[in-house]
Amino acid sequence: MYISYDVIVVGGGHAGCEAALVSARMGMQTALLTMNLDTIAQMSCNPAIGGLAKGQLVREVDALGGEMGKVIDRTAIQFRLLNASKGHAVRSPRAQADKKHYQYTMKRRLEVQENLSLRQDSIEKIITEKKEILDLIGKSGTRYRSKAVIITTGTFLNGLIHIGNSQVCGGRSSEPSSDKLSSCLLDLGFELARLKTGTSPRLNGNKINYEILQGQEGDKQATAFSFSTKIIQRPQVKCFITHTNKLTHEIIESNLHRSPLYTGQIKAIGPRYCPSIEDKISRFPDKERHQIFIEPEGLDTTEVYCNGISTSAPFDVQEAMVHSIKGLEKTNITRYGYAIEYDYVPPTQIKPSLEAKNVENIFLAGQINGTSGYEEAAAQGIMAGINAVLKIQGRKPFILDRSEAYIGVLIDDLVTKGTREPYRMFTSRAEYRLVLRHDNADRRLMKYGFQYGLISKEQWDELAKKEKLISETNEYLEHKKNGADSLLKLLRRPDINFNNLLELDKELRDKNISFPAQEQVEIEAKYKGYISRQKQQIEKFKKMENFSLPAQFNYDSIPGLRKEAQQKLGVFRPVSLGQASRISGVSPADISILMVCLLSKGKDDTRSVSI
């Protein structure tokens, strides 16, 4: 049986959801194929969205017209703005999710989306016919035909679950892995490698002694993720904090010989920045305790996630470890932690558009590209969805650069540098983070969402009103005096905030300026000098990024270019001089030689060239 679609998305995780929605919203007949419709948008690890730098990604996805921010605003049970006492460049929103409510809300939005069909099937083969047609063979025997395919398989490619010396094939706990698709990708010419990630035990919260634990309240004033959210209405709950102790460490240390991480059973590389508790104990032997967050999984369940003790230890070790921890002595484990190894496609094999270099019209997004985290997946998903549609329409790909968005940093890092461990986004990865704040994602990116029909006219008009209000407020503050100084000059003082100005000036109070506009005015006033310098740096960066390189070019023919640079440039095929400069093994001298060569063939510094 043949079924035809314009775009097919393989996988129903966070990348797949965003890719399918954006494809359908751009007018493509789209299918999302997943092994189990009941686990669409499931949170396999901790039940939370956002966090340091991840919160910026979610807000950027929202500004482009994505769904993750809207769904978490509707289903969260605790909101916190991280690093609130620090500078605006490193502040990030985070929300604890009602896990099942989040999952079913996202599924519902997929179900009612026009142009989108959900189908439960497992893809076992991809057949390429001509250049623009792809056929997929499902386990059901159905043959799906498509103009573009987006693969978002998460940890399911040859997934292997480890608990102690036990090994079970699976893409997630109690779910089968996708084995034949890995072989298919190899047949298509992709190189595959292995990564490892893990998860913590879940506990019966009804048997936790919360009275002796440190409570962690959410913010009284919630920071929403979506720019369209006007009010947060869900009940908010506490999280709790406890710690490992000397006994916990002794239990883990005395059983390391039974851990698959240390027996050689697990060979793949795990996440450096989110290590297992076994790794923590081994790598930091002098640390007397490690922090654990007790995170509720929802309002309608007592189950909690024990964030901070990711483990693949045997069952009996997990039991002893958990019961040694303060407040957890009498609880029971509802689900054991585990480690999982899976195949991924080293991302230097994809273009900045997320299209594969070796097979046309196949796009990859999410953990298949070596990333970790729901937010990194969603960011890739929306970009892959947009670019798949643009490819079908014969339009220029949509590529965000490092100066425009954390999404740009994420994708550029992947395709330029690759990754040998699960990639996680951090604010430190973004060299222009002062202008890539979570609070201004709408001002940076909503123009693109509107351009592609993903942002409504109403949202666009609202942004225009906000921009006008910011401009008018700046003008007022610049000309209104308080003593010898203008209100704008006063606002630049570290001990003065916008509320202080409202107390000083009745006319300003009467303007009823919205908080988002107040926030932008205050940030730009206080960081004016720093932002100005960063914008100058961005202008220099843009010149390199706009210096386009031909897709097909013989780098071996350039006199004076070092052999290593010739090889690296030939493999990576950078799209710009800027991207070429970030490839390991390509030196500034190589870039200068490359630029001289291209200029001598009639290239200027802002336009592409045909050679």
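Quick caveat, the model's predicted, so the values are computed rather than measured. (Residues numbered from 1 in each chain as written. Predicted model: local features only at pLDDT ≥ 70, side-chain atom pairs only at ≥ 80, totals over all residues. Heavy atoms only, no water.)

1. Brief notes about empty space enclosed by the protein
Reasoning step 1: With the rule as written, the count across this model stands at 3 cavities of 30 Å³ or more.
Reasoning step 2: For the largest cavity, the calculated volume is near 60 Å³.
Reasoning step 3: Surrounding the largest cavity, Ile 252, Asn 255, Leu 256, Ser 259, Ile 277, Glu 278, Thr 311, Ala 313, Val 317 and Met 321 form its lining.
Reasoning step 4: Listed by contribution, the elements that provide at least two residues to the lining of the largest cavity are helix H8 (277–283) and helix H9 (315–323). (1 Å grid on protein atoms, 1.4 Å probe; cavity = no way out; pocket = protein on both sides within 12 Å on 5 of 7 lines; lining within 4 Å. Points joined across faces, edges and corners; volume = space filled by probe spheres on them. Helix = DSSP H or I, 4+ residues; strand = E, 2+ residues; numbered from the N terminus.)

2. Quick notes on helix H11 (residues 406–417)
Residue pairs three or four apart in sequence face the same way in an α-helix, which turns once every 3.6 residues.
Reasoning step 1: For H11, spanning 12 residues, the distance from its first C-alpha to its last is 16 Å, which sits close to the expected 16 Å at 1.5 Å a residue.
Reasoning step 2: With respect to burial, H11 is a largely interior element, 11 of its 12 residues being buried.
Reasoning step 3: The set of residues buried in H11 consists of Tyr 406, Ile 407, Gly 408, Val 409, Leu 410, Ile 411, Asp 412, Asp 413, Leu 414, Val 415 and Thr 416.
Reasoning step 4: In the core, the buried residues of H11 are packed alongside helix H2 (54–63), helix H10 (374–392), helix H19 (563–572) and helix H20 (577–581).
Reasoning step 5: Where H11 ends, the next residue or the one after it, Gly 418, has phi of about 70 degrees, a positive value. (Expected span 1.5 Å × (residues − 1). Buried < 20%, exposed > 50% of the residue type's maximum accessible area, 1.4 Å probe, protein only. Contact = heavy atoms within 4.5 Å.)

3. Overview of helix H1 (residues 14–25)
Reasoning step 1: The first and last C-alpha atoms of H1 sit 17 Å apart over 12 residues, in line with the 16 Å expected at 1.5 Å per residue.
Reasoning step 2: Of all the 12 residues making up H1, 11 are buried; the element is thus mostly covered by neighbouring parts of the structure.
Reasoning step 3: Buried within H1 we find His 14, Ala 15, Gly 16, Cys 17, Glu 18, Ala 19, Ala 20, Leu 21, Val 22, Ser 23 and Ala 24.
Reasoning step 4: Just downstream of H1 lies Gly 27, where phi reads positive at about 95 degrees.

4. What to know about the environment of Gln 367
Reasoning step 1: By secondary structure assignment, the location of Gln 367 is in the loop between strand S20 (362–364) and H10.
Reasoning step 2: Along the sequence, Gln 367 and Gly 264 sit 103 residues apart, while their C-alpha atoms lie 23 Å from each other.
Reasoning step 3: In this view, Gln 367 contacts Gly 154, Thr 155, Tyr 342, Tyr 344 and Ser 372; residues no more than four positions away in its chain are not counted.

5. Some thoughts on the nonpolar core
Reasoning step 1: Core analysis: the largest hydrophobic core is formed by 107 residues, its most contacted members being Phe 190 and Ile 407.
Reasoning step 2: Per-element tally for this core: the top contributor is H10, with 11 residues.
Reasoning step 3: Excluding residues within four positions of it along the chain, Ile 407 makes contact with Leu 57, Glu 60, Val 61, Leu 64, Ala 379, Met 383 and Leu 400.
Reasoning step 4: Counting 18 residues, the second-largest nonpolar core is a separate cluster that includes Leu 203, Leu 256, Met 321 and Ile 325. (Core = buried A, V, L, I, M, F, W, Y, C linked by side-chain atoms within 4.5 Å.)

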